[in-house]
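Below are the chains, spelled out letter by letter.
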Amino acid sequence: MAFAPRVVPAGDSAQMLELGESLDLEANRLAQRVAERIRAAPPEGVIDVVAGIVTVTVHFAAASAAQARARREAVSQALLAALASGTTGASPDERRAIDIPVCYEGAYAPDLGAVAAATGLPADEVVRRHTATGHRVLMMGFAPGFPYIGGLDAALDVPRKETPRARVEAGSVAIANGQTAIYPFATPGGWNVIGRTPLVLFDATRDPASLLQAGDRIAFVAISSAEFGELERR
Amino acid sequence: MTIRVLRAGALATVQDLGRPGMQHLAIVPGGAIDATAHRVANALVGNVGDVATVEIALAGPELEFGCDALVALHGARFETELAGSAMPAARPVLLRAGTRLRIGAAKEGAFGYLAVAGGIDVPPVLESRSTYLSGGFGGLGGVALAAGSALPLVRDAAELAGARFAALARRANPVDVAGTSASSVRWSAPAATLPQTDPMVIRVVDGVHAELFDQESRALFVRERWRVGAASNRMGYRLTGSSLALDAPRDIASQPVCCGTVQVPAGGQPIVLMADRQTTGGYPRIAEVIAADVARIAQAAPGRSAVRFERVTLDAADAAREAAARHVDELLERLRWEFGDEGD
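Conventions used here
- Residues numbered from 1 in each chain as written.
- Chains lettered and ligands numbered in written order.
- Predicted model: local features only at pLDDT ≥ 70, side-chain atom pairs only at ≥ 80, totals over all residues.
- Heavy atoms only, no water.
- Helix = DSSP H or I, 4+ residues; strand = E, 2+ residues; numbered from the N terminus.
- Rg over C-alpha atoms; globule rule 2.2 N^0.38 Å.
- Buried < 20%, exposed > 50% of the residue type's maximum accessible area, 1.4 Å probe, protein only.
- Contact = heavy atoms within 4.5 Å.
- Areas by Shrake-Rupley, 256 points an atom, 1.4 Å probe, with all protein chains shown as cover.
- Lys, Arg positive; Asp, Glu negative; His and termini not counted.
- Charge placed at Lys NZ, Arg CZ, Asp CG, Glu CD.
- Pairing = 2+ DSSP bridges.
- Axes fitted to C-alpha atoms, helices over the stretch in contact; angles between N-to-C directions.
- Core = buried A, V, L, I, M, F, W, Y, C linked by side-chain atoms within 4.5 Å.
- Phe/Tyr/Trp six-rings, centres within 6.5 Å; stacked < 30°, edge-to-face > 60°.
- Lys NZ or Arg CZ within 6 Å of the ring centre and 35° of its normal.
- Salt bridge = Lys/Arg side-chain N within 4 Å of Asp/Glu carboxyl O.
- Polar contact = N/O pair within 3.5 Å; in protein donor to acceptor, adjacent residues only side chain to side chain.
- 1 Å grid on protein atoms, 1.4 Å probe; cavity = no way out; pocket = protein on both sides within 12 Å on 5 of 7 lines; lining within 4 Å.
- Points joined across faces, edges and corners; volume = space filled by probe spheres on them.
- Nonpolar A, V, L, I, M, F, W, Y, C, P; charged D, E, K, R; others polar.

## So, the overall build of chain B
Move 1: Along chain B, the regular secondary structure elements total 5 helices and 19 strands.
Move 2: On C-alpha atoms alone, chain B measures out to a radius of gyration of 21 Å, which is about the 20 Å that the 2.2 N^0.38 rule sets for 344 residues.
Move 3: Across its three principal directions, the C-alpha atoms of chain B cover 65 × 40 × 35 Å.
Move 4: Within the span of chain B, comprising 344 residues, buried residues form 58% of the whole.
Move 5: Partitioning the intrachain contacts of chain B with sequence separation of at least 6 by distance along the chain shows that 77% fall at a separation of at least 24.
Move 6: Only carbon and sulfur atoms are counted for the fraction: they give 50% of the accessible area of chain B, which is about 13000 Å².
Move 7: Each charge class in chain B can be summarised by its mean position, and for the 34 positive and 37 negative side chains these summaries are 4 Å apart.

Written out as structure tokens, the structure reads:
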């Protein structure tokens, strides 16, 4: 890695480990491992340990100046120690593997035609390529349970829509900028919706509330609208 | 035991101190946007620990109490009406069953907290009673108070009200609120977070991308009188003023952000991320509001207030955090004493 990792303050109540500037899959895996290691044995006062695309931020609480200084230092040391043992631990292929059933048909895939036109591929080839590659959750962000998923076939690299859709339905599987996202809630959204999953990505009353977490291996599996209806009823 | 909502007001939600520890699942801690005022409001009715209050933005609701209740309104100062009289602010008030309380417009500040002895008894979701509007969960079924909704109180809310007010009366003689059936005390809790100056001065430390901004923008950031835009809300405060620019365009991979992060989207107008922010963001971060001032900036009223930023060192931020924490701790301790807790 050409980038020299460093820990910087992210305000007075968080420290951030930077492993790179832009998406780098190796740095992304490392960020997840560092975050998991700290979450497993957090220094005193740690509230949240969050991995970004190529960063890890540790939020901490403190009541006094001395405590803030001590905790900031302990968090920085923990980040660097976790980084130093970075190459050990769960390898990518030991990660949780989750199949996401997706119906790529009709009303479930309002932007499939536009993606086909933009890529010059027939719609069924877009679907074939989306289901053929192994994907991985790069980061959780934007909304509870919302995954940013890497591993998209290079031929499917399309930009976000010029005009965001006012309403993207819950479960929508959408692509943009070389990644796939799945919308846990109906929200406005600018990604190209190519299908929908009947799985519930987030339910605050379920344990665990979020179906996915950073690092999960994802395979998209094409299903028919009949199968979608069947799975949705369950 | 409930409080009936007769009229909704601008935006009132049930809040506590939020749900920390879940940001890795993109679940934001949320909770009271002015956590200090929420804590003081709870202490004013003798609540110990973190129980839920009603957070009231800008213009309040009209409420009818189904039982006797000990209440306090702290944080923003509102016009209030209790059977033709104003409800005394920032102090415990014993209301009788059937009382109607109308909370009008905020005169000072943006967010007030109505605490009730025993707390607002909604079921916790993901370990918190706070309402997360974007996700539609927590509080009153994930939504704001609406006309016709009922705020559940604990079963013994009326008994708690009586017992706690009796404890207060042992410290000092209570007073009747003229023209009403309500009783209160002669003292009040000072405001800890309301704007003292215009513009309000908010302290920041440099953000992780401060050096990516051009020199003029960095100077402008702390010189400008930023107006708090009317579109500001619990997610973020949108500031309007001069445009800030980077030295050169930069693509920043999404990274975790904080409550108080000041980010600058392409348009150049800063946004201060608040309680219901997203957990990650990809805009350049010019500054971070220090912990001591997050609750203070929350009281800058959207569409009305202005702020100026003062850049401080991390050491100064730590000193300010300690001073703010001590101030609040002393206040909470004094309030506990009023309720008969002798302390140790």
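## Some remarks on the sheet that holds strand β1 (residues 6–9) of chain A
Two pairing modes exist for strands in a sheet, parallel and antiparallel, and in both the strands are linked by backbone hydrogen bonds.
All names here are of chain A.
Move 1: Pairing within the open sheet is antiparallel, and its 4 strands lie in the order β1-β2-β4-β3. Of all strands in the sheet, those bounded by a partner on one side alone are β1 and β3 (46–51). Averaged over all adjacent pairs, the angle separating strand axes in this sheet is 20°, with direction ignored.
Move 2: Bridging between β1 and strand β2 (residues 14–18) involves 4 bridges; their strand directions are antiparallel. Note on β2: the bridge partner recorded for R6 is E18.

## Structural notes on the sheet that holds strand β18 (residues 285–289) of chain B
Residues and elements named next belong to chain B.
Move 1: Pairing is mixed around the closed barrel formed by 7 strands, whose spatial order is β11-β18-β15-β16-β13-β12-β19. For this sheet, the mean inter-axis angle between neighbouring strands, taken without regard to orientation, is 40°.
Move 2: Bridging between strand β13 (residues 236–240) and strand β16 (residues 271–273) involves 3 bridges; their strand directions are antiparallel. Bridging across to β16, R238 finds its partner in I271.
Move 3: Contacts from helix α3 (residues 215–223) reach β11 (200–206), β12 (226–228), β15 (261–263), β18 and β19 (306–311), with the element oriented near 120° to β19.

## What to know about the nonpolar core
A general feature of soluble globular proteins is that nonpolar side chains tend to end up buried together.
Move 1: Within the largest apolar cluster, 54 residues are counted, with the highest numbers of intra-cluster contacts made by F221, Y237, V272, V307 and F309 of chain B.
Move 2: A total of 5 residues in this core trace back to one element, the largest contributor, which is helix α1 (residues 35–44) of chain B.
Move 3: Counting 46 residues, the second-largest nonpolar core is a separate cluster that includes A31, V49 and A143 of chain A together with V125 of chain B.

## Structural notes on the packing of aromatic side chains
For any pair of aromatic rings, geometry is given as the distance between the ring centres together with the angle between the planes.
Move 1: All told, the structure shown has 10 aromatic pairs over all chains when counted by the stated rule.
Move 2: Pairwise contacts between aromatic rings join F142, F146, Y148, Y183 and W191 of chain A into one cluster.
Move 3: Stacked on the ring of W337 of chain B, the Lys or Arg R171 of chain B has its end atom at 3.9 Å from the ring centre.

## Re the pattern of salt bridges
Move 1: A complete count under the given rule lists 29 salt bridges over all chains for this structure.
Move 2: As a salt-bridge pair, E21 of chain A and R250 of chain B come within 3.1 Å of each other at their nearest N and O atoms. Taken together, the positions of E21 of chain A in the loop between β2 and α1 (25–40) and R250 of chain B in the loop between β13 and β14 (255–256) put the pair across two chains.
Move 3: For E21 of chain A, a relative accessible area of 48% translates into the label partly exposed.
Move 4: Of the residues examined, R250 of chain B reaches a relative accessible area of 41% and is grouped as partly exposed.
Move 5: Of the charged contacts, one joins D276 of chain B and R234 of chain B as a salt bridge, the two residues approaching to 3.0 Å between their closest N and O atoms.

## Side note on the pairing of β11 of chain B
Residues and elements named next belong to chain B.
Move 1: Across 5 bridges, β11 lies against β19 in parallel orientation. Each residue of the ladder has a partner; that of V204, found in β19, is R311.
Move 2: The pairing of β11 with β18 spans 3 bridges and is classified as antiparallel. Within the sheet, the bridge partner assigned to V205 lies in β18 and is E288.

## With respect to the pairing of β3 of chain A
Residues and elements named next belong to chain A.
Move 1: With 5 of its 6 residues buried, β3 lies for the most part within the structure.
Move 2: When β3 meets strand β4 (residues 55–60), the two strands line up antiparallel, connected through 5 bridges. What sits directly across from V50, in β4, is T57.
Move 3: The hairpin formed by β3 and β4 contains 3 residues between the paired strands.

## Observations regarding α1 of chain B
All names here are of chain B.
Move 1: By the criterion of burial, α1 is predominantly enclosed, with 8 of the 10 residues buried.
Move 2: Burial in α1 covers these residues: T36, A37, H38, V40, A41, N42, A43 and L44.
Move 3: Taken together, the buried residues of α1 touch β2 (11–15), β3 (53–57), β5 (69–82), β7 (100–116), α4 (291–298) and α5 (314–338).
Move 4: Where α1 starts, the residue carrying a side-chain oxygen 3.1 Å from the main-chain nitrogen of T36 turns out to be D34.
Move 5: Directly after α1, the chain includes G46, whose backbone phi takes a positive value near 80°.

## Side note on the layout of surface pockets
Move 1: Each pocket or cavity is described by its volume, and for the second largest pocket that value is around 1300 Å³.
Move 2: Around the second largest pocket, the lining comprises 46 residues; the ones closest to its centre are S13 of chain A together with A35, A291, V294 and R321 of chain B.
Move 3: A per-class count over the lining of the second largest pocket returns 26 nonpolar, 9 polar and 11 charged.

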